[in-house]
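# Architecture and fold: a report
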Protein chains: 2
Amino acid sequence: MRFSPLLDELIKSLQVLPGVGPKSAQRMAFALLERQRAGGRKLAHVLSRSLDHIGHCRQCRTFTEEALCPLCANPKRAANGQLCIVESPADVVAIEQTGQYRGRYFVLMGHLSPLDGIGPEDLGLDRLADWLAAEVFEELILATNPTVEGEATAYFIADIARRQGVRVSRIAHGVPIGGELELVDGNTLSHSLMGRKAFAD
Amino acid sequence: MRFSPLLDELIKSLQVLPGVGPKSAQRMAFALLERQRAGGRKLAHVLSRSLDHIGHCRQCRTFTEEALCPLCANPKRAANGQLCIVESPADVVAIEQTGQYRGRYFVLMGHLSPLDGIGPEDLGLDRLADWLAAEVFEELILATNPTVEGEATAYFIADIARRQGVRVSRIAHGVPIGGELELVDGNTLSHSLMGRKAFAD
Ligand SMILES: [Zn+2]
Ligand SMILES: [Zn+2]
């Protein structure tokens, strides 16, 4: 149905959000108008400020409104000697949540994709090479996605790192913990077989 | 994990949207910053304008930025002689989508709820009484929700309408089309039995 023009426009604009179709956009518009006017105003204001001010960390390229993101600005992280390469800021969150990693990150904001015209410069790999030349790292951990593009990107970066004499590792791929063998796809299962390790007693 | 302050604030602000928790708020923030900056700016602008300008239709109380909503402003609707009472603008959408109704609406924006201090004035029932006195309606259709509060509200409004000599009906409640008897709750099933009709050959 047609609402009044501004309400129609609000429902359409909300659909820019990922996973939000016409039906949930309508539900969101009504909820904001009915019970969240203050929260909605705050959202409009913060969203506008965020889009104006949030850019990329000049060291690791993740999102931040400051010159250096909180992780890069943390001296303990800098002292750690490890650098983890990921495709997106969401991957940083996922790895941080494991609590297993205390080093810094480099966020590609994508992966190599020649067909889409995305080359090494678009991923900041020239800047990564400079960083690896300027600072001594003990290990570079490749945590790009286990997709064709992610693997190709990992190979490309491993090459840059080795030329700087940095030890390179790749995160393990295999059967997810708690997963059932018969439900895992064949490709993952062959990775899992090839990556097998001696069984500890 | 902690992001930079503005990004943290954006992720928190997005959670004002219904059904959006910390995880999807984060996904939305990243998506807007990564690939939807123009759409995000538009959203911020339209949301702010909407909250400033969208109020209630002075006749039916649904949301609109104009004095009269498109349905109330439509002369065909006014000529129809039916008035349907619903609890929310979303209910108007649901009924419009059936294509079965061509009259006007009165949107309560809630239901009677003495414990929450929501009385007849809060639902605009004084204005509804004035409207029923000022204009001749053939039928008032009660489409409040089949809940305790919705039923109580329907009774209250039926009383107002009968005092103005308006014929009152209630939408039918029963087993949903395509539903299975054994899966329907007992209350719905007894409504369905009590509301049975002669079977047409
Ligand atoms: Zn950084
Ligand atoms: Zn109206």
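Conventions we followed
Residues numbered from 1 in each chain as written. Chains lettered and ligands numbered in written order. Predicted model: local features only at pLDDT ≥ 70, side-chain atom pairs only at ≥ 80, totals over all residues. Heavy atoms only, no water. Contact = heavy atoms within 4.5 Å. Buried area = accessible area lost by both parts, 1.4 Å probe. Salt bridge = Lys/Arg side-chain N within 4 Å of Asp/Glu carboxyl O. Polar contact = N/O pair within 3.5 Å; in protein donor to acceptor, adjacent residues only side chain to side chain. Helix = DSSP H or I, 4+ residues; strand = E, 2+ residues; numbered from the N terminus. Domains from an automatic or database assignment. Phe/Tyr/Trp six-rings, centres within 6.5 Å; stacked < 30°, edge-to-face > 60°. Buried < 20%, exposed > 50% of the residue type's maximum accessible area, 1.4 Å probe, protein only. Pairing = 2+ DSSP bridges. Axes fitted to C-alpha atoms, helices over the stretch in contact; angles between N-to-C directions. Patch = residues over 30% accessible without salt bridge, like charges linked within 9 Å, V, L, I, M, F, W, Y side chains within 5 Å. Areas by Shrake-Rupley, 256 points an atom, 1.4 Å probe, with all protein chains shown as cover. Lys, Arg positive; Asp, Glu negative; His and termini not counted. Charge placed at Lys NZ, Arg CZ, Asp CG, Glu CD. Core = buried A, V, L, I, M, F, W, Y, C linked by side-chain atoms within 4.5 Å. Donors = N, O, S within 2.8 Å, 3.2 Å for Na, K, Ca; no water. Tetrahedral: all angles 85-135°; square planar, octahedral: opposite > 155°, others 65-115°. Least-squares fit on C-alpha atoms with pLDDT ≥ 70 in both. UniProt positions renumbered as here; feature names shortened; annotations may be inferred.

### Quick word on the interface of chain A and chain B
Facing the 54 residues of chain A at the interface are 54 residues of chain B. Together chain A and chain B conceal approximately 5,100 Å² of surface at their shared face, both sides included; 72% is due to carbon and sulfur atoms. Of all residues in chain A, the largest losses of buried area upon contact with chain B belong to Leu-6, Leu-51 and Phe-63 of chain A, amounting jointly to 14% of the total for that side. Our count for the chain A to chain B interface comes out at six salt bridges. A salt bridge links Glu-9 of chain B to Arg-49 of chain A, with the shortest nitrogen-to-oxygen separation between them at 3.1 Å. On the surface where chain A and chain B come into contact, there are 16 residue pairs in polar contact (both at pLDDT 80 or more). Looking at the side of chain A that touches chain B, the elements with two or more residues in it are helix H1 (5–14), helix H2 (22–35), helix H3 (37–53), strand E2 (63–64) and helix H5 (89–98) of chain A.

### Notes on the domain arrangement of chain A
Note: interface size is frequently given as the accessible area lost on complex formation between the parts. What the domain assignment lists for chain A is domain 1 (5–53) and domain 2 (67–170). The C-alpha centroid of domain 2 of chain A is placed 35 Å from the C-alpha centroid of domain 1 of chain A.

### Examining the packing of aromatic side chains
With the rule as written, the count across this model stands at ten aromatic pairs over all chains. Relative to Phe-30 of chain B, the ring of Phe-3 of chain B lies with its centre 5.8 Å away and its plane at 80 degrees, an arrangement referred to as edge-to-face. Of the two residues, Phe-3 of chain B is situated in the segment before helix H1 (5–14) and Phe-30 of chain B in helix H2 (residues 22–35); the sequence distance between them amounts to 27 residues. The exposure class assigned to Phe-3 of chain B is buried, which follows from its relative accessible area of 12%. The class of Phe-30 of chain B is buried, set by a relative accessible area of 4%. In textbook terms, an aromatic cluster arises when at least three aromatic residues are bridged by ring pairs, as seen for Phe-3 and Phe-30 of chain A together with Phe-63 of chain B.

### Describing the sheet that holds strand E6 (residues 167–170) of chain A
Residues and elements named next belong to chain A. Spatially, the four strands line up as an open sheet ordered E4-E3-E5-E6, and their pairing is parallel. The open sheet has two free edges, formed respectively by strand E4 (104–107) and E6, since each of these has just one partner strand. Adjacent strand axes in the sheet meet at a mean angle of 25 degrees when their direction is disregarded. The pairing of strand E3 (residues 82–86) with strand E5 (residues 139–142) spans four bridges and is classified as parallel. Counterpart to Leu-83 in the pairing with E5 is Leu-140. Seen against the sheet, H5 touches E3 and E4 and runs at an angle of roughly 155 degrees to E4. The sheet strands contacting helix H7 (residues 148–163) are E3, E5 and E6, and the helix crosses E6 at an angle near 165 degrees.

### Some points on a negative patch on the surface
Residues Glu-121, Asp-122, Asp-126 and Asp-130 of chain A make up a contiguous surface patch of negative charge. Mapped onto the secondary structure, Asp-122 of chain A falls in the loop between E4 and helix H6 (125–134).

### Side note on the nonpolar core
The biggest cluster of nonpolar side chains holds 46 residues, and the ones touching the most others in it are Leu-7, Leu-14 and Leu-17 of chain A together with Leu-7, Leu-14 and Leu-17 of chain B. Of all the secondary structure elements, the ones that give two or more residues to this core are H1, H2 and H3 of chain A together with H1, H2 and helix H3 (37–53) of chain B. Residues contacting Leu-14 of chain A, with those up to four places away along its chain left out, are Val-20, Ala-25, Met-28 and Ala-29 of chain A together with Leu-17 and Leu-43 of chain B. In this structure, Ile-85, Phe-106, Leu-128 and Leu-142 of chain B belong to the second largest nonpolar core, which totals 20 residues.

### Quick word on the coordination of the zinc ion (ligand 2)
All names here are of chain B. Cys-57 (SG), Cys-60 (SG), Cys-69 (SG) and Cys-72 (SG) make up the full set of protein donors to the zinc ion (ligand 2), lying at 2.3 to 2.4 Å. Metal-centred angles of 105 to 119 degrees between the four donor atoms at the zinc ion (ligand 2) mark the site as tetrahedral. Expressed as a motif, the donor residue spacing for the zinc ion (ligand 2) is C-x2-C-x8-C-x2-C. Cys-72 shares its class with Cys-69; the two are buried.

### Re the coordination of the zinc ion (ligand 1)
All names here are of chain A. Those protein atoms acting as donors to the zinc ion (ligand 1) are Cys-57 (SG), Cys-60 (SG), Cys-69 (SG) and Cys-72 (SG), and they sit at 2.3 to 2.4 Å. Coordination geometry of the zinc ion (ligand 1): the four donor atoms subtend angles of 104 to 119 degrees at the metal centre, consistent with an arrangement described as tetrahedral. As a motif over one chain, the donors of the zinc ion (ligand 1) read C-x2-C-x8-C-x2-C. Residue classification places Cys-60 among the buried positions, given a relative accessible area of 3%.

### Quick look at the relation of the copies chain A and chain B
Take chain A, turn it by 180 degrees, move it 0.1 Å along the axis, and it overlays chain B with an RMSD of 0.1 Å. Here the symmetry operator amounts to a two-fold rotation axis. Taking the C-alpha atom as reference, chain A places Ala-44 of chain A closest to the rotation axis, 2.1 Å from it. A share of 100% of the interface residues of chain A reappears at the interface of chain B, consistent with the copies meeting face to face through the same patch.

### As for the UniProt feature "zinc finger region: C4-type" (unreviewed entry) in chain A
In this numbering, the UniProt entry assigns the feature "zinc finger region: C4-type" (unreviewed entry) to residues 57–72 of chain A. Secondary structure within residues 57–72 of chain A divides into 0% helix and 12% strand; the distance between the first and last C-alpha atoms comes to 8 Å.

### Details of the pattern of salt bridges
All names here are of chain A. Taken as a whole and assessed by the stated rule, the structure comprises 20 salt bridges over all chains. Across the pair Arg-2 and Asp-8 runs a salt bridge, and its minimum N-O distance is 2.8 Å. Given a relative accessible area of 62%, Arg-2 falls into the exposed group. Arg-170 is the partner of Glu-151 in a salt bridge, and the nearest nitrogen-oxygen pair spans 3.3 Å. Taken together, the positions of Glu-151 in helix H7 and Arg-170 in strand E6 put the pair 19 residues apart, joining distant regions of the chain.

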